There are 4 protein chains.
Amino acid sequence: MPETGGRTSPKKRADARRNEQTLLDAAAAAFVASGVDAPVRDIATRAGVGMGTIYRHFPTRADLVIAVYRHQVDACAKAGPTLLASSGTPHAALAEWVGLFVDFLVTKHGLASALQSDSARFEALHAYFLDRLVPVCAQLLEAAAAAGEIRSDVGGYELLRAIGNLCAGVEGDTRYDARRMVELLIAGLRRSE
Amino acid sequence: MPETGGRTSPKKRADARRNEQTLLDAAAAAFVASGVDAPVRDIATRAGVGMGTIYRHFPTRADLVIAVYRHQVDACAKAGPTLLASSGTPHAALAEWVGLFVDFLVTKHGLASALQSDSARFEALHAYFLDRLVPVCAQLLEAAAAAGEIRSDVGGYELLRAIGNLCAGVEGDTRYDARRMVELLIAGLRRSE
Amino acid sequence: MPETGGRTSPKKRADARRNEQTLLDAAAAAFVASGVDAPVRDIATRAGVGMGTIYRHFPTRADLVIAVYRHQVDACAKAGPTLLASSGTPHAALAEWVGLFVDFLVTKHGLASALQSDSARFEALHAYFLDRLVPVCAQLLEAAAAAGEIRSDVGGYELLRAIGNLCAGVEGDTRYDARRMVELLIAGLRRSE
Amino acid sequence: MPETGGRTSPKKRADARRNEQTLLDAAAAAFVASGVDAPVRDIATRAGVGMGTIYRHFPTRADLVIAVYRHQVDACAKAGPTLLASSGTPHAALAEWVGLFVDFLVTKHGLASALQSDSARFEALHAYFLDRLVPVCAQLLEAAAAAGEIRSDVGGYELLRAIGNLCAGVEGDTRYDARRMVELLIAGLRRSE
DNA sequence: CATGAATGAGTGTTCATTCAT
DNA sequence: AATGAATGAACACTCATTCAT
């Protein structure tokens, strides 16, 4: 448990952390350039380290991907309750939160596609996203449903998956606006009386 | 010039045609199992033929993929005008037609994912789908918009793309119902006044 | 023995011969374009026949190559004694005959290279050229040697091989003139006193 | 920067270098046996390494071929000026140098054939040989021509090409002596008055 | 601990050759 | 006899992953 103030971790710790951050930055860059399937060697080269180092820190590709996006996923997860408290209505909060999620996905080219992949190597990634975000999404949905604003038969997992899908493979397609499509989806949730 | 019903084509033709069908069936199966990127060798094995046979019939992967789905795409394209004529309202026709398309995509696991692929090798596939279906979808959208039932700022390409995305990677995910999600999307199109 | 005037060979014979000539022409063209290794299918296509037809007429590639060049090789072989009789000196006759051979090789792009090939598939080709031309070349060499014009320690096979080599792979190399190099070689044969 | 005799290069280097030498030896052997087109797998097997190792060390086939012959080509190039200084006459120097080149080519069966190849994949090989040897050959030719010993209308490239050709495909042909034929060629260069 | 050399399975693709029709 | 569909060996090349140094 490396708390900031601890006296236990000597220089080493700082170094290692710096190193890991270099790795994550390099991976993020590689992901943008070549998708989440970017060759390990590319990432290593970008980071200026050997490939072995990457495997040491992140035994599985999913580990690496998760680490790269952890902060943003966490931030997104935390924003849910906040928005619910501050927005006018639950449905508005949901829309805003979904907007946040879309912004995240759309700027991380290749991520949404990776989330679709049923390859075993991305299982952990899948799981992480779900663990963190499904509850949040579900909470927002429930609040909106409880307020009578939307139908109550759509779950967090399903909505999240749909949003992820709508954001996949958008890379340079000027005729397709993922954000708009997601808005349509959210609009479609409205209770039809 | 293969006249309808003519008995002109020599015996060979019959054999070759049968073989080609075997190929298409095998390819379809392989696509379901491994996506549209299924190794040529796998497809050949499934069909019980040599790899060369596949290359003979379908020089390019796109040729194969298109051939596999051609009939259904065509049927889908033709259904558009028909539905428009027979359904109660344009929006109803649109919904029904979209349902048809989703049924097609959802049962062809792997197809939707391939349509997302920006790989050059699938360019022709992409083009084929777009050429055939975008006009139909656009026509339905326009009719519904003209009737004042839906917003008029969503184009055929965009909607088709969104639907395709919603249907991608669904393979065995019991918690996600692509059909429902697409319905949400279509519902979201409704004119919000 | 299908003599022209025989009454034995009905139409069939004429057809078959015409067919075979078509084959040879097509092969010759293909050889020029792609070398003596031209794909069988290419040749068949050029000839407008099926591949099987080629295999029927020429079971081995060497058979085909030999057939293609037979006339010219024979003509070359026959020219030897003629030149010996008509030219001023045996060495002059040798030079002229060699010139003939070089003309032949140089215009048959790819042939010289094929003659070098030690691939078993060209064994018969090799043998044919040797059987026909080595004796002629040897005769000319012997005459010139007997006349005291050239050294007597170079044999027909060896000289032929050297010439063939000098003509190989010349295809479009403007800085290399095979003819000149062969002339150098022949000049080098001169008795050095 | 590998200084002479320095102990700077880390241990690894020694291993890698040894390995590379193994590779070069294996490649040389494979080239002798199957020509410079020897399958990568064969070379790898001979060397007792995986194919990937070869691609790591020599990304392109030309890289490999050049590396295999570099030392000897360089030695040959350096011998030119030396012989010119030490031999009795320029023509003698030329003859000796050519002898060196022939010795090299003849023992590297398959090399001469590769030099003939117009395949794009051997472009770099071709260029390397030419860059290194044409100037040397040209210098010797010019010196002999200046001394009035030989004709002055044959260039370095042309002579080198002719020699290379004479040495091609000699593999186990006991009736053909490339060395003798080249001598004939050189003899043929003598000024004919 | 880091390094990066080595491994080798996996895949696309070409063509000579055979053989059912 | 002719056809051309089918076969399958052969080869190049890429990368994830392991492990000796």
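Residues numbered from 1 in each chain as written. Chains lettered and ligands numbered in written order. Predicted model: local features only at pLDDT ≥ 70, side-chain atom pairs only at ≥ 80, totals over all residues. Heavy atoms only, no water.

A. Representation of the side chain of Arg61(B). All names here are of chain B. When you line up the elements, Arg61 lands in helix 4 (residues 61-86). An unpaired buried charge is present at Arg61: no salt bridge exists, and Asp37, the closest side chain of opposite charge, is 4.8 Å distant. Contacts of Arg61, omitting those with residues within four sequence positions, involve Phe31, Val36, Asp37, Ala38, Pro39, Val40, Ile43, Arg121 and Phe122. (Helix = DSSP H or I, 4+ residues; strand = E, 2+ residues; numbered from the N terminus. Buried < 20%, exposed > 50% of the residue type's maximum accessible area, 1.4 Å probe, protein only. Lys, Arg positive; Asp, Glu negative; His and termini not counted. Salt bridge = Lys/Arg side-chain N within 4 Å of Asp/Glu carboxyl O. Contact = heavy atoms within 4.5 Å.)

B. Representation of the protein's contact with DNA strand F in the model. Near DNA strand F lie 32 residues; those nearest to it are Asn19(B), Gly50(B), Arg56(B), Thr53(C) and Arg56(C). Among the atoms of DNA strand F lying within 4 Å of the protein, the sugar-phosphate backbone contributes 61%. Separating a base nitrogen of DNA strand F from a backbone N or O atom of Gly52(C) is a distance of 3.4 Å. Between DNA strand F and the protein, one listed contact pairs a phosphate oxygen with a side-chain N or O atom of Thr53(C) at 2.3 Å. Sorting the residues of the surface near DNA strand F by element identifies helix 3 (51-57) of chain A, helix 1 (11-34) and helix 3 (51-57) of chain B, helix 3 (51-57) of chain C together with helix 1 (11-34), helix 2 (40-47) and helix 3 (51-57) of chain D as the ones contributing at least two each. (Near = heavy atom within 4 Å. Polar contact = N/O pair within 3.5 Å; in protein donor to acceptor, adjacent residues only side chain to side chain.)

C. Molecular detail of the UniProt feature "DNA-binding region" (unreviewed entry) in chain A. As recorded in UniProt, the sites labelled "DNA-binding region" (unreviewed entry) are residues 39-58 of chain A. End C-alpha to end C-alpha, residues 39-58 of chain A measures 14 Å, and it is 75% helix and 0% strand. (UniProt positions renumbered as here; feature names shortened; annotations may be inferred.)

D. Structural view of helix 9 (residues 178-189) of chain D. Under the 1.5 Å per step criterion, the end-to-end length of helix 9 of chain D is 17 Å for 12 residues, consistent within 8% with the ideal 16 Å. Against helix 8 (156-166) and helix 9 (178-189) of chain C together with helix 5 (90-107), helix 7 (123-146) and helix 8 (156-166) of chain D lie the buried residues of helix 9 of chain D. (Expected span 1.5 Å × (residues − 1).)

E. Seen up close, the interface of chain B and chain A. On the side of chain A, 26 residues touch chain B, which itself brings 26 residues to the contact. Summing both sides of the interface, chain B and chain A together bury roughly 2,400 Å²; the carbon and sulfur share of this comes to 53%. For the pair chain B and chain A, the interface holds 6 salt bridges. As a salt-bridge pair, Arg161(B) and Asp173(A) come within 3.2 Å of each other at their nearest N and O atoms. Taken together, the connections running from chain B to chain A amount to 17 residue pairs in polar contact (both at pLDDT 80 or more). No other element matches the 7 residues that helix 9 (residues 178-189) of chain B contributes to the side of chain B that touches chain A. (Buried area = accessible area lost by both parts, 1.4 Å probe.)

F. How the structure looks around the protein's contact with DNA strand E. Close to DNA strand E lie 33 residues, the nearest being Thr53(A), Arg56(A), Asn19(D), Gly50(D) and Arg56(D). Close to the protein, within 4 Å, the atoms of DNA strand E are drawn from sugar and phosphate at a rate of 58%. A distance of 2.9 Å separates a phosphate oxygen of DNA strand E from a polar backbone atom of Val40(B). In this structure, a phosphate oxygen belonging to DNA strand E sits 2.7 Å away from a side-chain N or O atom of His57(D). Where the surface near DNA strand E is concerned, the elements lending two or more residues are helix 3 of chain A, helix 1, helix 2 (40-47) and helix 3 of chain B, helix 3 of chain C together with helix 1 and helix 3 of chain D. When the residues that make up the surface near DNA strand E are grouped by side-chain class, the tally is 12 nonpolar, 10 polar and 11 charged. (Nonpolar A, V, L, I, M, F, W, Y, C, P; charged D, E, K, R; others polar.)

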